[in-house]
Amino acid sequence: MSVSLDETQCFHCGDTLPDSGFFTAEVDGVAQRVCCAGCAAVATLIDRAAMTAFYRQRSDYPPRPDAALNDDAIAQCYDEPSWLATFAEGEAGCRQIPLMVTGMSCAACAWIIERFLNDIPGVQSVHTQLTLGKVVISLAPDAPPSRAVSVLQDLGYGVQPWRADARMQHMHAENRRDLRRIGIAFLGMMQVGMFSIALHAGSLQGIDADLKQLLRLVSMPLTLFVLVYSARGFFESAWQHMKKGVLIMDTSVSLALLLATTASVASTLRGGGETYFDSVTMFIFFLLLARYIEKRLRDRDLIQLVQLADQLPEFVMTLRDTQWQRVPRHTIEKGDTVRVLTGEAIAFDACVTSGCSSVNEQVFTGEALPRGVHPGERVYAGTINEGAGLELTVERRFVDSRLAALAGDVEQARGDKPVHMKLVDQFAGRFIGLILASASATCLYWLVADPTRALWSTIAVLVVACPCALSLATPAALASGNAWLLRHGVRVRSESGLLAAAAADHAIFDKTGTLTETQLIIDAVVTNDNITVQQALNYAASLQRFSHHPAARSFHDLAADASLRDVEVVTASGVEGWDNRTGDRLRLGSESFCRDIAASMPVKPDDSHYWIALVSDRHWLAWIALSEALRDGAASVIENLKAQSMNLEIMSGDTEARVRAIARTLDMPFSAALQPDDKLRALQERQQEGHTVLAVGDGLNDAPLMGAADVSIAVAGAAALAQAQADFVIEDGRIESILTLRRAAMATQRITRQNLFWAAGYNLTGVPLAAMGLVPPWIAAIGMSASSLLVVLNALRLRRLAP
Amino acid sequence: MESLYLLIPIALVFVVLVAWLLIWSVNRGQYDDLDNDAWKALNDDLTGAPQKTDNDDRN
């Protein structure tokens, strides 16, 4: 189960070690390489507490500790009684503090959290729920919650209060109800099955009539209880749809269950004929199980959506009584002044009142580089402040923000998503009509020809025609295919996505972060005649060493040995320094920033790159072009999909020239400078032309597109809202997984077709034979169970698909 | 074969008992986290108290 590390990965968080050097942490007496001081601190903490079993047992990596999240001031806020009361629950002598802990990636994380928290004085018990990311701490009334919060932060996890959510509570209740129903169905199936083995053996070698009757009499109440308790959901949903005049799969399931049970009860009371108690309980159990597996995948999707609302910082710095204080976000009103530190997310739509910074708006625009902001400009909730600290006046609270509006659009787009499962239901509608017609015809014929055989021939028809196998055919194959994908690096968020993925004939790719890496690379350098490319890059690297701007990271691997002094980073503009050797002032950065000291510099060569200028006093030295690197494997994925005769295109929010550069490399059609709703409209045009559309994206700006596409794939690290919309999430940014996914989808489709073919074939050949009175009811019952079993076993073959 | 007339009703009593136990444990939340608890039960390494080691210098 445990993860395997290679030498370039951080021992703690699994990230790639920075080229600029690594830290070490001693774990079990061995010095391990880690990527940052944060990871080193957590690893040391775990080692000191003798909990290093964590590293051997984990099946996934813990989060990389974020220094911005680890703030004792935030932990202190949890001691504030009035705020704590908004989510904590009190019981006599102990307080229950429910927390949402982000970054719990596997059971080992849950274990280590429980162990650390249990060591805190005053903690009475800790209960973690891994699937929900929830930790409930029971505290003695006098113990401060802040200790527990700061321990969690020290371990590198993000902590937020857990607020009761109606959807989550509903899901929780439903989960328990389903488990009860499945459990009862299982017990019933085993017990009734045991009795019927005796009955079947008895019909072969002879059985005492009284004993036979006893076995049937005890099977009957057990089956009836399972029918009422566990199969209730089928009857309810069939009835709901019947009232609207719609026949669905559940209608035929209910009908089959009712008829088989009625016939069995009738034979038991009469003391003759066949009983089908074992088939009924088995069918209920398998169908419930298959549906439960599907539902659990959907539930994870919901958890993501609920967590999304809490992605913004829970506490913000605001000015209260002339002092800066951390206060809960929901107490902020329009017009309040808040301060956003470097690296923090902005929680409101607001206007900058003081400070200059750069704000990463990739969530809206898809552009990798941040936008410079100055006093008077507007910033949006959900964007990240990457430069210096900012003071803002709140204009709109989160609920009215642009981010919330986008989230609303996404919900709406989701509603327009074409549903592929419905096909089975349409099929069921026709199928059930056919069964009823043939059963009535059989009944009428035998009433005229031979009234004594009428009842049993009719029941044989209904039992043979029972669509058990048919209703299991698709869910069983999907459950199996989804399980296979989960083991091969693709997280599955919707149960029917595989069917659409197999049917897709048109794919829309986002550019930034999907086809390309988020990290820029140096693509070209244009210099004046007096300076070599090498010299220009050397200057640039030496200046950029001081900057944390995303573009500066591209320079961190280059030799930087120019001797400079007084280097200063000018936020949202560039870097300035003085060359020790020549005494010249150097500037590196945006065009306007450089033109200030070198008015004669030429304009940038083109628009298809991000250009950075390098100038000295009065002289232009160089233009350095940064461009986006294609992700490893992107080209082969595109080529492969083309070979499968899919239509491919790029839709990006970025500028036309930059999109064209990438599109030309991959030889794909493209459209650029699109807003999220433009993308959505373009998608709907494709769908109206009759295409089944696959969307691949990562940004928040792709979320409406992904919500409405027939099937969608998010690249890991994508915005949470985009991930929540996606049918599949690819782990580790391995874009080749799209091909794996496509193969799994094809295989699943093949198995589903085989299953449907077999099930329909069985029913179609069985019904005429039964109608002629050639099938004794006990053979019909065995056939019914065997065909269901065969469908399930056939689906299990998917697990052996080669990776 | 007469014993079956006694044994089968006893089996029924057991089924009822087990069904009641199952419902009770689900309602108590014992099956709320299928992933975590399934994993914990199988890992002997993590169930015991932390072993004191030489570098355990906490007090």
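Everything below is about the structure shown above.
From a predicted model like this one, the values you see are computed outputs, not experimental measurements. (Residues numbered from 1 in each chain as written. Chains lettered and ligands numbered in written order. Predicted model: local features only at pLDDT ≥ 70, side-chain atom pairs only at ≥ 80, totals over all residues.)

Engineer: Looking at this structure, I do not really get the overall build of chain A. What am I missing?
Structural biologist: Helices and strands together make up the secondary structure of chain A, namely 27 helices and 29 strands. Across the 803 residues in chain A, those meeting the buried criterion constitute 46%. Of the contacts made within chain A by residues no fewer than 6 positions apart, 65% connect residues no fewer than 24 positions apart. (Helix = DSSP H or I, 4+ residues; strand = E, 2+ residues; numbered from the N terminus. Buried ≥ 20, exposed ≤ 12 C-beta atoms within 10 Å, placed from the backbone. Contact = placed C-beta atoms within 7 Å.)

Engineer: Honestly, the packing of helix H8 (residues 209–229) of chain A against helix H1 (residues 4–27) of chain B in this entry has me stumped. Any pointers?
Structural biologist: The description of two packed helices rests on the angle between their axes and on the distance between the axes. Interhelical geometry of H8 of chain A versus H1 of chain B gives an angle of 10 degrees and a closest axis separation of 11 Å. The orientation of H8 of chain A relative to H1 of chain B falls into the category roughly parallel. Where H8 of chain A approaches H1 of chain B, its residues Leu211, Leu214 and Val218 of chain A are matched on the opposing element by Leu4, Tyr5, Ile8 and Leu12 of chain B. In terms of residue class, the contact of H8 of chain A with H1 of chain B is made up of seven nonpolar, no polar and no charged. (Axes fitted to C-alpha atoms, helices over the stretch in contact; angles between N-to-C directions. Parallel < 35°, antiparallel > 145°, perpendicular 65-115°, else oblique. Nonpolar A, V, L, I, M, F, W, Y, C, P; charged D, E, K, R; others polar.)

Engineer: Teacher, can you tell me more about the environment of Ala108 of chain A here?
Structural biologist: Residues and elements named next belong to chain A. Mapping Ala108 onto the fold places it in helix H5 (residues 107–118). The buried category is assigned to Ala108, around which 28 C-beta atoms lie within 10 Å. Each C-alpha atom, one on Ala108 and one on Tyr55, is 8.2 Å from the other, the two residues being 53 residues apart in sequence. Contact partners of Ala108, with chain neighbours within four places excluded, come to Phe54, Gln57, Arg58 and Ser59.

Engineer: When you look at the sheet that holds strand E9 (residues 323–328) of chain A in this model, what are you seeing that I'm missing?
Structural biologist: Either a parallel or an antiparallel arrangement is found when strands of a sheet pair, and the pairing is made through backbone hydrogen bonds. Residues and elements named next belong to chain A. Spatially, the six strands line up as an open sheet ordered E9-E8-E10-E16-E11-E14, and their pairing is antiparallel. Strands with a single pairing partner mark the edges of an open sheet, and in this sheet they are E9 and strand E14 (378–379). Here four bridges tie strand E10 (residues 337–340) to strand E16 (residues 390–396), and the two strands are oriented antiparallel to one another. Residue pairing for E16: Arg339 is matched across the bridge by Glu391. (Pairing = 2+ DSSP bridges.)

Engineer: Help me understand unusual backbone geometry, please; the structure alone is not making it clear to me.
Structural biologist: Glycine aside, negative phi is the norm for most residues, and most peptide bonds take the trans geometry. All names here are of chain A. At Ser645, a position not held by glycine, the phi torsion is positive, near 50 degrees. Positionally, Ser645 belongs in the loop between helix H21 (634–643) and strand E25 (647–651). Positive phi is not limited to glycine here, since Ala673 has a value of about 55 degrees. In this structure, Ala673 sits in the loop between strand E26 (670–671) and helix H23 (676–688). For Ala673, a count of 13 C-beta atoms within 10 Å gives the class partly exposed.

Engineer: Just to check I follow, could you spell out the packing of H5 of chain A against helix H2 (residues 34–42) of chain B for this structure?
Structural biologist: Following both chains from N to C, one finds H5 of chain A and H2 of chain B inclined at 80 degrees, their axes separated by 9 Å at the closest point. In this view, H5 of chain A runs roughly perpendicular relative to H2 of chain B, as classed from their interaxial angle. Along its contact with H5 of chain A, which presents Ala107, Ala110 and Trp111 of chain A, the element H2 of chain B presents Asp35, Asn36, Trp39 and Lys40 of chain B. Tallied by class, residues from the contact of H5 of chain A with H2 of chain B come to four nonpolar, one polar and two charged.

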